[in-house]
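Tertiary structure, described
These are the residues of each chain, in order.
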Amino acid sequence: MALSTLKIWALLNAIASVSLAVPLSTTKAECDRTALTEAADAYIAAQIAGKVEPLKNILGDAWKYQQNNKELEAEKGVLSKALKIDHRRTNYDMTDCATYTEYISADSANPYVIGVQIRHGEDKKVNMIDVIASTTNSWLFDAKKTLQYVQQEKWDPIPKEKQDKREVIKAVGDAYMDMWSNATAHETIPWGTPCTRLEGSAYTGKGKPDDSCKPGIPSNHNQAPNTHRRYVIDESMGSVSIFCVWEHMMMAADSHEFRLEGGKLRYVHTMTECGGKQCKL
Ligand SMILES: *[C@@H]1O[C@H](CO)[C@@H](O)[C@H](O)[C@H]1NC(C)=O
């Protein structure tokens, strides 16, 4: 009697552990690359159409739209403008189920350089569209020039065996963002050679093998810490996109994207929008 009770108990236990194990392994779902691609593509289709309609199938119930660090109805944002898109690059965060897309409309009637982070929930649907949209009056803005520089850079996928770890990529991005408030942060950045910065439309690169990203880094380390950082990290691109509040320039909405190659900083791209006003230091 005691034995069979024990057997039943063991059996129940086995069933319990099986039924526990199954949902655990399925709810901790892997990010679905197809869903990430579909959402990024739908977003771009919406931007080309100037309508939110193409997003309908990929949005979750409680999705949010944010533009230049402010929550907004998507219909009232930049998505309501039909833009001709001259450049687009989408990076994938397969740990946080998110994408970062950089895109440019160099059309002089409607110039934009935009970064968008799109985040997915466990149902794979989109729960956040977070946009930094730079245009006329944004920091060093000139979409045509930015396009020209972006197109001459090489952002090839990095072979698996040469990829840096996400913690490493993130730490470099954070150290860079910390330079405004921390006098020693720059010492921890693995500066590459060459390395080029594209800030708005200002390019530090001369196309030389010894191009450096160090000239012009902050010398005043008593500034604000660039808070509210949001990340999209793609090991296959060596990249991290960081959106934040750029307090020391008019509380601007800011996007910094970094690319590492072989553990060294290779590219920096920035977009900085000052609440519709002319950005000034
Ligand atoms: C400043 O940066 C250094 C080097 O990265 C780090 O060790 C230190 O903790 C930072 N200080 C603060 C106050 O964050």
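As a starting point, this report considers the structure included with it. This one's a predicted model, so the numbers in the text were calculated from it and none came from an experiment.

Reading guide: rules and limits
Residues numbered from 1 in each chain as written. Predicted model: local features only at pLDDT ≥ 70, side-chain atom pairs only at ≥ 80, totals over all residues. Heavy atoms only, no water. Buried < 20%, exposed > 50% of the residue type's maximum accessible area, 1.4 Å probe, protein only. Helix = DSSP H or I, 4+ residues; strand = E, 2+ residues; numbered from the N terminus. Contact = heavy atoms within 4.5 Å. Core = buried A, V, L, I, M, F, W, Y, C linked by side-chain atoms within 4.5 Å. Pairing = 2+ DSSP bridges. Axes fitted to C-alpha atoms, helices over the stretch in contact; angles between N-to-C directions.

Moving on to helix 3 (residues 143-152). Within the span of helix 3, buried status applies to Ala143, Thr146, Leu147, Tyr149 and Val150. The secondary structure elements touched by the buried residues of helix 3 are strand 3 (87-93), strand 4 (98-105), strand 5 (112-120), strand 7 (191-199), strand 8 (202-203) and strand 12 (264-273).

On to the nonpolar core, then. The tendency in soluble globular proteins is for nonpolar side chains to be buried side by side. Tyr176, Ile189, Phe258 and Leu265 are the most contacted members of the largest nonpolar core, which has 26 residues in total. Those elements that provide at least two residues to this core are helix 4 (166-178), strand 7, strand 9 (230-234), strand 10 (239-246), strand 11 (252-261) and strand 12. Of all the elements, helix 4 adds the most residues to this core, at 5 residues. Among residues more than four places away in sequence, those in contact with tyrosine 176 are Ile189, Trp191, Arg197, Glu199, His256, Phe258, Leu265 and Val268. By size, the runner-up hydrophobic cluster in this structure holds 23 residues, among which are Ile44, Ala74, Val116 and Val131.

In a beta sheet, neighbouring strands are held together by backbone hydrogen bonds and run either parallel or antiparallel to one another. With respect to topology, 6 strands assemble into an open sheet ordered 2-1-6-5-4-3, the strand pairing being mixed. Lying at the two open borders of the sheet, with one neighbouring strand each, are strand 2 (70-71) and strand 3. Two strands pair when backbone bridges link them, and strand 3 and strand 4 are joined in this way by 7 bridges, in the antiparallel orientation. Bridge pairing links arginine 89 to glutamate 102 in strand 4. Here helix 2 (residues 33-49) sits on the sheet in contact with strand 3, strand 4, strand 5 and strand 6 (126-134), set at roughly 145° to strand 5.

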